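Descriptive analysis of the structure
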Amino acid sequence: MDGGMLWYHFPCRGVQSFPGKLCASRWFTPNHRLLNREVFQVSNTCGFKHAGTSSDVREPSGRWQRFEKNPLIRYFRRLKWVSIPLSLGFAYLAYQQFWHVYKREKSKVTSGTQLATDFEVTLIKMLPLRTSSRLWGWINNIKLPLPLRSPVINWFANTYNCNIEEALVDDVTQYQNLGEFFRRSLKPGVRPICEGKCVVSPADGTVLNFGKVQNGRVEQVKGITYSLPGFLGPNFGKSSIKKVESEMAPDDDKTYQKLLLRSNEETDLYHCIIYLSPGDYHRFHSPADWSVSYRRHFPGELLSVRPGFVNWIAGLFNINERVVYTGTWCHGFFSMVAVGATNVGSIRVYFDRELVTNERIWKKDGSKDHSFESSNNISGIQLKKGDEFGEFNLGSTIVLIFEGPKDLNFAIRAGQKVKYGEPLMLVEDKS
């Protein structure tokens, strides 16, 4: 006490000592706005007169005023922590890693690609690609208002270089949604079917690889192979194809291949991989005259099958969902495999109504088998070269694995664009 006055002292910056009443002009703390210009008054019950003046309360310095008005500082002070589900956070990290690795590896495709590690493949599998593919399929089937059909479909056609003039219906306003445009039919005669002893392309697309199957291993790209029994499955059930599981040791790829062949001395096993891009014609056709005896559906992942990923992930076709159709043709074993991919809402095969792909609930191991042979139909489904077989809801991949004579000659090269009906291989006529 000094002359009847009480002085209160605070150690806080911005608080001035003055008699009778204690005022805090400003609290400079991280939450100073909650205490901005708070006034604490301490009154003297004895009625002492306030000895301080307005000049006793100092305004903040110019440095602190600039600090207060800084928009970046104000933004961070308004941020609040919000709890995020652990699975969502981990999925986001997986997505970031996926794109980081993809961009890095894409630049290495032409100069010796380093394969994806098991950890990287696991991260990609954790992405909700099956869910996003079902969502994409649902979006594609949304009915477009008539005024939007022309701009939306023409935008897609121009982006992916679709030739609308080849379509049976070339008026884009007649397609109610993008899905109908993907599955469009072509005008008669625009895809002539090659006659003679040959296997023709089942679809419009790009040839990724082709050649002989060696020791039960199929070449995915140069230097990368995948297991033939892992791709087709270990057993063909009650079809006319020979059973191979009982006569082979587990994982014996070479023996598996030998048991598929009708004549090991006169024939070899061949393969061809054709990639369908989003802009290609999305229906696929029979590549030869053959009978379909058996179907095996492998539920699996829906990783991208673009050439960059095919070059990067070993055994990609054994990982993805696929539908294997096996049977016979004039030279022995024949199979055609439709491989699913990211954003392919479904695979539809016209003569197989029981087939349902990209289901919500699925088993990672095993397959769903169906035989087209019965007591009333011992020959299965008979197909002619060029007959319609099925359709994708977006671009994907077709893999052919078939038995052929040793003098078979391929009429294609890797990276070549082909149209359905064009010859893939030719058989020399010995007559």
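Residues numbered from 1 in each chain as written. Predicted model: local features only at pLDDT ≥ 70, side-chain atom pairs only at ≥ 80, totals over all residues. Heavy atoms only, no water.

The criterion, for reference: UniProt positions are given in the numbering used here, feature names are shortened, and annotations may be inferred rather than shown by experiment.
An unreviewed UniProt entry annotates the protein as Phosphatidylserine decarboxylase proenzyme, mitochondrial originating from Limulus polyphemus. Word for word, the UniProt comment on the protein under Catalytic activity (unreviewed entry) is "a 1,2-diacyl-sn-glycero-3-phospho-L-serine + H(+) = a 1,2-diacyl-sn-glycero-3-phosphoethanolamine + CO2".

1. A word on the overall build of the protein
Applicable threshold: Counting from the N terminus, the helices are the DSSP runs of H or I reaching at least four residues and the strands are the DSSP runs of E reaching at least two. The rule is simple: take the accessible area with a 1.4 Å probe, protein chains only, and divide by the maximum for that residue type; under 20% is buried, over 50% is exposed, in between is partly exposed. By definition, residues are in contact when any of their heavy atoms lie within 4.5 Å.
Of regular secondary structure, the protein possesses eleven helices and 17 strands. Taking all 431 residues of the protein together, 46% fall into the buried category. Looking at the protein alone, contacts between residues at least 24 apart form 74% of all its contacts between residues at least 6 apart.

2. Thoughts on the sheet that holds strand β1 (residues 198-200)
Strand pairing within a sheet occurs via backbone hydrogen bonds; the two strands may be parallel or antiparallel. Note the following rule: By definition, two strands form a pair when at least two bridges between them are found by DSSP.
Overall, antiparallel pairing links the three strands, which are arranged β1-β17-β15 in an open sheet. Bordering the open sheet on either side are β1 and β15 (409-410), each of which pairs with just one other strand.

3. Points about a nonpolar patch on the surface
The following threshold applies: For patch detection, residues must exceed 30% relative accessible area and be free of salt bridges, and they are connected within 9 Å for like charges or within 5 Å for nonpolar side chains (Val, Leu, Ile, Met, Phe, Trp, Tyr). The Shrake-Rupley method, run with a 1.4 Å probe sphere, supplies the accessible areas, and residue values consider only the shown protein chains as cover. Salt bridge, as used here, is a side-chain nitrogen of Lys or Arg placed within 4 Å of a carboxyl oxygen of Asp or Glu.
A surface patch of nonpolar side chains, about 390 Å² in accessible area, is lined by Leu-135, Trp-138, Ile-139 and Ile-142. Within the secondary structure, Trp-138 is located in helix α5 (residues 129-140). Assessed through its relative accessible area of 56%, Trp-138 is described here as exposed.

4. Let's talk about the UniProt feature "active site" (unreviewed entry) in the protein
Under the local residue numbering, the UniProt record ascribes the feature "active site" (unreviewed entry) to Asp-204, His-285 and Ser-396. Annotated residues spanning 193 residues; largest pairwise C-alpha distance 14.1 Å, indicating a single compact cluster. Of note, Asp-204 is situated in the loop between β1 and β2 (205-212). On the basis of relative accessible area, Asp-204 is assigned to the buried category, the value being 3%. Residues within four places of Asp-204 in sequence aside, it is in contact with Arg-191, Tyr-275, Leu-276, Asp-280, Tyr-281, Val-418, Lys-419 and Tyr-420. Summarising the element assignment, Ser-396 is placed in the loop between β13 (388-392) and β14 (397-405). Once residues within four sequence positions are removed from consideration, Ser-396 is found in contact with Ile-274, Tyr-275, Leu-276, Val-305, Val-339, Gly-340, Ala-341 and Val-344.

5. Quick word on the packing of aromatic side chains
Worth spelling out the cut-off: Two aromatic rings, drawn from Phe, Tyr or Trp (for Trp, its six-membered ring), form a pair once their centres lie within 6.5 Å of each other, and the interplanar angle then sorts them: stacked below 30 degrees, edge-to-face above 60, tilted otherwise. Here, a charge over a ring is recorded when the distance from Lys NZ or Arg CZ to the ring centre is within 6 Å and its angle to the ring normal is within 35 degrees.
This model, assessed by the stated rule, comprises 23 aromatic pairs. Taking 5.8 Å as the distance between ring centres and 25° as the angle between the ring planes, the aromatic pair formed by Tyr-281 and Tyr-420 counts as stacked. Here Tyr-281 is found in the loop between β5 (267-275) and β6 (283-285), whereas its partner Tyr-420 is found in the loop between β16 (417-418) and β17 (423-426), with 139 residues between them in sequence. Residue classification places Tyr-281 among the buried positions, given a relative accessible area of 4%. On the numbers, 5.8 Å between centres and 35° between planes, the contact of Phe-284 with Phe-389 is tilted. With Phe-284 in strand β6 and Phe-389 in strand β13, this residue pair connects regions lying 105 residues apart in the sequence. Neither Phe-284 nor Phe-389 differs from the other in exposure class; each is buried. Here the guanidinium or amino end of Arg-184 rests over the ring plane of Phe-181, the centre of that ring lying 4.4 Å away. Above the plane of the ring of Phe-298 lies Arg-322, whose end atom (NZ or CZ) is 4.1 Å from the centre.

6. As for the UniProt feature "modified residue: Pyruvic acid (Ser)" (unreviewed entry) in the protein
Annotation from UniProt places "modified residue: Pyruvic acid (Ser)" (unreviewed entry) at Ser-396. Judged by its relative accessible area of 0%, Ser-396 is buried.

7. Notes on the pairing of strand β7 (residues 290-298)
Taken across its nine residues, β7 has nine buried, putting it largely inside the fold. Direction of pairing for β7 relative to strand β12 (residues 381-383): antiparallel, over a ladder of three bridges. Note on β12: the bridge partner recorded for Val-292 is Ile-381. Pairing geometry for β7 and strand β8 (residues 322-329), over seven bridges, is antiparallel. Within β8, the position partnered with Ser-291 by the bridge is Thr-328. Across four bridges, the pairing between β7 and strand β11 (residues 368-371) is antiparallel. Bridged to Arg-296 within β11 is Asp-369.

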